[in-house]
Amino acid sequence: MTYQPPLRDLALALKAAGFERLSAAYPEADAATVAAVLEGAGAFAAEVVAPLNRPGDLAGATYANGVVTAAPGYADALRQFAQGGWNSLSAEPDHGGQGLPKALEIAVFEMFNAASLAFGLCPILTQGAIEAIAAHGTARQKALYLPRMVSGEWTGTMNLTEPQAGSDLAALTTRAEPDGEGGWRLTGQKIFITWGDHDAADNIVHLVLARTPNAPAGVKGISLFLAPKRLLDDNGEPGPANDLRPAGIEHKLGIHASPTCVMAFEGARAELVGVEGQGLAHMFTMMNAARLQVGTQGVAIAERAYQQALAFSHERKQSRSAWTGESPAPLWDLPDVRRTLMLIKAKTAAARGVCLATAVAADLARHGDVEAKLREELLTPIAKGWSTDVGVWAASEALQVHGGMGFVEETGAAQHYRDCRILPIYEGTNGIQAIDLIGRKLTLADGSAFAGLIGDMRQTAAALDGDLHLVGVRLGEAVTTMETAGAWLAERRGTPDALAGATAFLRLCGETVGGWMLARQAQLDARMTPLAALYAGQVLSGVPGQAAAVTQGAGPLEAFEG
Ligand SMILES: Cc1cc2nc3c(=O)[nH]c(=O)nc-3n(C[C@H](O)[C@H](O)[C@H](O)COP(=O)(O)OP(=O)(O)OC[C@H]3O[C@@H](n4cnc5c(N)ncnc54)[C@H](O)[C@@H]3O)c2cc1C
């Protein structure tokens with residue numbers, strides 16, 4: 001089934017997430033520009049990228065004789081993507097970017113990812129690398145690398161993970177040694193490096209975490225380095241190969257068209273980025289950008305899976321309709337199937353709202369709004385964690401709508417399910433997001449970031465009336481539950497009791513903040529009112545009951561013998 005860009009839903013979700021607050025900082029992002037960008041990106045996603053998704057799944061990226069080759073059509077599509085200017089939307093004009101809001105870029109990237117998650121990953125990593133170099137690189141590094149990365153001629157990677165160092169990056173052992181000429185040499189092995197090598201760009205800029213000699217143990221000993229695949233000559237053009245290579249690619253459950261590489265650094269020439277010993281903090285610039293993008297991948301797959309299940313529900317006839325008496329009736333006319341579809345649509349809209357609200361906050365923060373910076377930080381683990389859980393849930397429910405045909409590969413429902421299963425794992429597992437939420441974000445600025453979010457949501461809940469009155473009641477109850485559960489966790493910060501409740505709290509927050517965003521969409525467009533009503537009845541009504549899961553404590557875990 002082809003992909004239909006949800007242009008109307010995206011425009012509405014942007015508005016409900018507060019896009020108009022960006023008008024002062026981004027005067028060029030007016031309604032006409034936003035509509036044109038969404039439309040152009042939607043056409044590229046649907047016409048160029050989406051047709052590659054299924055063949056890319058079947059053929060995958062390949063590795064032979066030390067060379068990684070992108071799946072059929074992907075290299076060409078990535079070059080077209082760069083030529084179309086899609087890589088440079090939100091990058092700074094100083095580096096050749098278009099200086100448009102991140103929020104618009106996130107909306108656009110939902111469509112590229114819905115067309116193919118494996119495709120979207122390549123520019124996601126490049127953009128994260130751009131942000132890290134822009135924030136921490138020297139003037140020379142920015143001048144040499146950023147214009148070609150912003151244009152999309154060169155791609156970027158993020159090299160953190162090692163066999164013994166996954167969630168716990170303090171354990172990484174890749175070494176960086178001074179080369180005696182002001183540069184560094186990197187030695188070690190990285191695993192699971194997304195688009196670590198390929199034939200779709202003239203150069204690849206690797207950002208690598210490594211330890212310098214005599215560095216202290218733990219995260220304080222980690223520094224950030226830049227190592228290009230091909231060293232630059234005096235004119236800044238790609239020259240001889242650096243001493244690094246792909247040692248293989250992984251065979252995975254899904255996203256087969258994304259080459260996930262083992263990278264061997266064999267004395268690779270590298271430059272320090274930022275301050276020695278601050279590598280992990282610098283890398284967080286990249287990881288936070290990527291976390292929001294991965295949350296958006298969750299929304300993307302939910303939308304794609306929904307469209308496919310909706311189409312199938314109109315084609316497949318089975319059983320008697322409870323409404324019309326028709327037999328056999330299309331699945332669409334069976335109340336339980338329609339509820340399933342509608343709940344997917346509602347949660348997708350809610351998660352889309354969470355991601356776009358995070359992006360709007362990031363844009364305001366980029367222009368010096370301190371409160372918005374706190375909001376961005378608070379929402380990022382919720383956007384990543386909850387939206388990816390919604391993506392996996394939605395892909396599973398959409399597969400269920402297909403019955404047995406969902407489990408066989410021909411319909412494509414199975415591919416969405418396989419592809420999206422990585423989303424709760426990479427860019428910090430959702431367990432790690434939950435710990436970040438309760439450990440750092442809940443108490444950010446003495447808890448004022450959390451209190452501000454609670455206050456804004458409460459204001460919306462109180463203003464919901466007419467057809468949305470009951471939505472307001474349910475949202476208000478959920479907000480109070482979130483506030484109370486948050487206070488319980490904050491009092492127990494760092495204890496096993498708090499850590500045991502972290503994942504339940506992330507879910508509770510996602511459902512509540514998502515409900516807030518969906519309610520705002522319904523305030524602006526009556527088309528969303530039935531979705532908000534269903535969400536209030538099926539999701540928000542359950543939030544107060546989740547408080548017990550947050551506050552249960554670690555007692556049962558400690559008593560469990562395995
Ligand atoms: C397809 C793919 C692409 C990837 N792309 C990249 C990339 O481009 N660059 C890169 O550097 N890495 C990449 N990764 C690696 C990815 O980020 C890691 O797999 C992920 O961070 C988890 O690390 P791990 O696999 O070692 O799991 P582990 O850290 O061993 O975790 C196993 C389980 O334990 C839980 N856990 C671990 N520590 C804690 C804790 N303190 N508290 C609670 N629970 C915990 C986790 O949540 C998880 O459920 C990729 C991985 C895959 C599969």
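The structure we're discussing is the one just above.
Conventions adopted
- Residues numbered from 1 in each chain as written.
- Predicted model: local features only at pLDDT ≥ 70, side-chain atom pairs only at ≥ 80, totals over all residues.
- Heavy atoms only, no water.
- Helix = DSSP H or I, 4+ residues; strand = E, 2+ residues; numbered from the N terminus.
- Buried < 20%, exposed > 50% of the residue type's maximum accessible area, 1.4 Å probe, protein only.
- 1 Å grid on protein atoms, 1.4 Å probe; cavity = no way out; pocket = protein on both sides within 12 Å on 5 of 7 lines; lining within 4 Å.
- Points joined across faces, edges and corners; volume = space filled by probe spheres on them.
- Nonpolar A, V, L, I, M, F, W, Y, C, P; charged D, E, K, R; others polar.
- Salt bridge = Lys/Arg side-chain N within 4 Å of Asp/Glu carboxyl O.
- Contact = heavy atoms within 4.5 Å.
- Near = heavy atom within 4 Å.
- Polar contact = N/O pair within 3.5 Å; in protein donor to acceptor, adjacent residues only side chain to side chain.
- Areas by Shrake-Rupley, 256 points an atom, 1.4 Å probe, with all protein chains shown as cover.

Undergrad: Lay out the environment of valine 37 in plain terms, naming residues and giving numbers.
TA: In this fold, valine 37 is placed in helix α2 (residues 31-49). Taking the relative accessible area as the measure of exposure, valine 37 reaches 11% and is therefore buried. Linking valine 37 and tryptophan 86, residues 49 residues apart in sequence, is a C-alpha distance of 9.3 Å.

Undergrad: Describe empty space enclosed by the protein, listing the residues and the values that go with them.
TA: As enumerated under the stated definition, the model contains one cavity of 30 Å³ or more in all. If you go around the largest cavity, the residues you meet are Leu10, Ile106, Ala107, Glu110, Thr296, Val299, Arg352, Cys355 and Leu356. Among the secondary structure elements, those contributing two or more residues to the lining of the largest cavity are α5 (102-115), α8 (279-315) and α9 (335-366). Looking at the lining of the largest cavity residue by residue, the classes come out as six nonpolar, one polar and two charged.

Undergrad: Explain the pattern of salt bridges to me, and be specific about the residues and the numbers.
TA: Evaluation of the coordinates by the stated rule reveals 34 salt bridges. For arginine 352, the salt bridge identified is with glutamate 303, shortest N-O distance 3.0 Å. In this pair, arginine 352 is assigned in helix α9 and glutamate 303 in helix α8, connecting sequence segments 49 residues apart. When sorted by exposure, arginine 352 lands in the same class as glutamate 303, which is buried. In this structure, the salt-bridge partner of arginine 375 is aspartate 456, at a minimum N-O distance of 2.9 Å. Of this pair, arginine 375 sits in helix α10 (residues 370-401) while aspartate 456 sits in helix α14 (residues 448-463), and the two are 81 residues apart along the sequence. Exposure remark for aspartate 456: the relative accessible area of 31% places this residue in the partly exposed category. Because the salt bridges share partners, they merge into one network encompassing Asp9, Lys345, Asp525 and Arg527.

Undergrad: Explain the environment of leucine 14 to me, using residue names and the numbers behind them.
TA: With respect to the element layout, leucine 14 can be found in helix α1 (residues 7-16). Apart from residues lying up to four places away in sequence, leucine 14 is in contact with Phe19, Val34, Leu38, Ala103, Leu104, Ala107 and Leu356.

Undergrad: An account of the site of the ligand is needed here, citing residue identities and associated values.
TA: As a structural note, the neighbourhood of the ligand is formed by 18 residues, with Met158, Thr161, Ser167, Phe192 and Thr429 the closest of them. Leucine 160 has a polar backbone atom sitting 2.9 Å from an oxygen atom of the ligand. Within the side chain of threonine 161, an N or O atom sits 2.7 Å from a nitrogen atom of the ligand. Here the ligand loses 62% of its free accessible area of 970 Å² to cover by the protein chains. Put simply, the parts of the chain that give the shell around the ligand at least two residues each are β3 (154-159), β5 (184-194) and α13 (430-441). Tallied by class, the residues present in the shell around the ligand amount to nine nonpolar, seven polar and two charged.

In short, geometric facts, not functional conclusions.
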